[in-house]
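# Tertiary structure, described
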Amino acid sequence: MKVMFAGIKDISLIDVCGEPSLTVWFCGCNLKCPYCHNWRIAEAHASTCYPAELSEIYTAIESASSIVDYIHVTGGEPTQQAVQLQRVLEFAKSVGVRTSVNTNCSNPSIIESLLRRGLIDHLATDVKAPPDFMIGLPRSEALRYWRGFTNTLRLIREYDVILELRIPVLKYGAMSPELVASSKRYLVKALSIVETVSKVHLVLNPILGPPIIDSVRNPEWCSKYAVPGIRDIELAETLVKSLYSRADIRLAQHASLLPLGT
Ligand code: SF4
C-alpha cells in the first residue's frame, strides 16, 4: 500500500516530550492555517511529497527501534490517510515502539478508532483559537472543525494517553480586543475539557513567520500577528496558569529563535 509522504527524520529529541523519536511526515491536510510552515506538505505539493510504499516506513521504524522510544507521525494531517496511519502505528507497536500522533483533532471518529485499538500513546495538538481566525477556512467550517476538536479532547479523557496541548502565542497587541477576548473564551473551553485528563503537557507555542521563517502560507498574516515578544509570552503564561490548576507549562523549543527583547 502506498502513502503520500514527505520523508522521515531519523532521530528527534523535540517532537515527543524530549524522548528520542523517529518522525514521519504524512502529506495532505484539511485546514489552511495562515501561519502553516508545512503548507507544501499540507497541500501535498509535488516538490515535497511523493507516493511511497508503507514498507519503506516499516524498514525505517524497524532499524530505529532499538534507539528510539517513539515513532511520531505528523504532517500535514495524518488522519487524512487513515488506513495508512493505522498500519504504520500497528507496525510500530509490533516491534515494541511507542506511538505519537500530531493531529489537528478535526476527525474524532478516526482518532477514536485508533485509541480503541490502543494505537496512540502520545497525542499532540494545537488549540487553534478562535478557529475562524486560525484555520484559514470560512466560519461555518471553522465551527465544524472546533466541534471535532473538542469532541476529540473529550474522547482522550477516556484513554491512558499523554496529551501535549500546544497553545499558539501571537502578537496580542496587533489583534483587536474582541479577537483577544474570543481567543480566551475558546482557550477556556479547551482547558476545561482536559482538566480531567491525567497526563497533560501544556506547551506555549510562539507562532513564527518572517523574518525568522519565510516559508509560511500567508506571509502578510504572519507579518502582522506572528513572532510575538516576551510580553506576549508572559501574558499567555499568566493566563494559562490562571485557567489550568495542574499547570505543567513549558515553552516550545523554537522560542529560542525569537528576538525576545520586547
Ligand atoms: S493543521 Fe497543521 S499542517 Fe494543517 S494547515 Fe494547519 S498548521 Fe498546517
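Residues numbered from 1 in each chain as written. Predicted model: local features only at pLDDT ≥ 70, side-chain atom pairs only at ≥ 80, totals over all residues. Heavy atoms only, no water.

Turning next to the state of the cysteines. Summed over all chains, the structure comprises 1 disulfide. Across the disulfide from C27 sits C49; the S-S distance is 2.0 Å. Residues C27 and C49 are joined by a disulfide whose S-S torsion is about -90°; by sign, that bridge is left-handed. With C27 in the loop between strand 2 (19–26) and helix 1 (39–42) and C49 in the loop between helix 1 and strand 3 (50–53), the pair connects residues that are 22 residues apart, well separated along the chain. For the pair C27 and C49, one class covers both residues: buried. (Disulfide = S-S within 2.5 Å. Helix = DSSP H or I, 4+ residues; strand = E, 2+ residues; numbered from the N terminus. Buried < 20%, exposed > 50% of the residue type's maximum accessible area, 1.4 Å probe, protein only.)

Moving on, we get to the packing of helix 3 (residues 82–94) against helix 4 (residues 108–116). Between helix 3 and helix 4, whose axes approach to 11 Å, the crossing angle comes to 20°. In terms of orientation, helix 3 lies roughly parallel with respect to helix 4. The crossing of helix 3 and helix 4 is right-handed. Where helix 3 approaches helix 4, its residues A82, L85, Q86 and L89 are matched on the opposing element by I110, S113 and L114. Residue composition of the contact of helix 3 with helix 4, by class: 5 nonpolar, 2 polar and no charged. (Axes fitted to C-alpha atoms, helices over the stretch in contact; angles between N-to-C directions. Parallel < 35°, antiparallel > 145°, perpendicular 65-115°, else oblique. Left-handed = near helix turned anticlockwise from the far one by under 90°. Contact = heavy atoms within 4.5 Å. Nonpolar A, V, L, I, M, F, W, Y, C, P; charged D, E, K, R; others polar.)

Under the counting rule described, the total for this entry stands at 10 aromatic pairs. Where W146 meets F149, the ring centres are 5.0 Å apart and the plane angle is 40°; that geometry is what we call tilted. On the criterion of helical spacing, the pair formed by W146 and F149 is a turn pair, its members being 3 residues apart in helix 6 (residues 139–156). Each member of the pair, W146 as well as F149, carries the same accessibility label: buried. Between W146 and Y186, the aromatic rings sit 4.8 Å apart at their centres with planes inclined by 80°, giving edge-to-face as the arrangement. (Phe/Tyr/Trp six-rings, centres within 6.5 Å; stacked < 30°, edge-to-face > 60°.)

This paragraph deals with the layout of surface pockets. The rolling of a water-molecule-sized probe over the atoms marks out the regions of remaining empty space. In this structure, the largest pocket occupies an estimated 1,100 Å³ of space. Surrounding the largest pocket, 41 residues form its lining, H37, N38, N102, R166 and N205 being those nearest its centre. When contributions to the lining of the largest pocket are tallied by element, the ones reaching two or more residues are strand 1 (2–16), strand 2, strand 4 (70–74), strand 7 (162–169) and strand 8 (199–206). No other element matches strand 1, which puts 4 residues into the lining of the largest pocket. For the lining of the largest pocket, the class distribution of residues is 17 nonpolar, 14 polar and 10 charged. The calculated volume of the second largest pocket comes to roughly 310 Å³. Forming the walls of the second largest pocket are 17 residues, and the residues nearest its centre are Y172, S183, K184, L187 and L239. Put simply, the parts of the chain that give the lining of the second largest pocket at least two residues each are strand 7, helix 7 (177–194) and helix 9 (230–243). With 5 residues, helix 9 is the single largest residue contributor to the lining of the second largest pocket. In the lining of the second largest pocket, the residues fall into 14 nonpolar, 2 polar and 1 charged. (1 Å grid on protein atoms, 1.4 Å probe; cavity = no way out; pocket = protein on both sides within 12 Å on 5 of 7 lines; lining within 4 Å. Points joined across faces, edges and corners; volume = space filled by probe spheres on them.)

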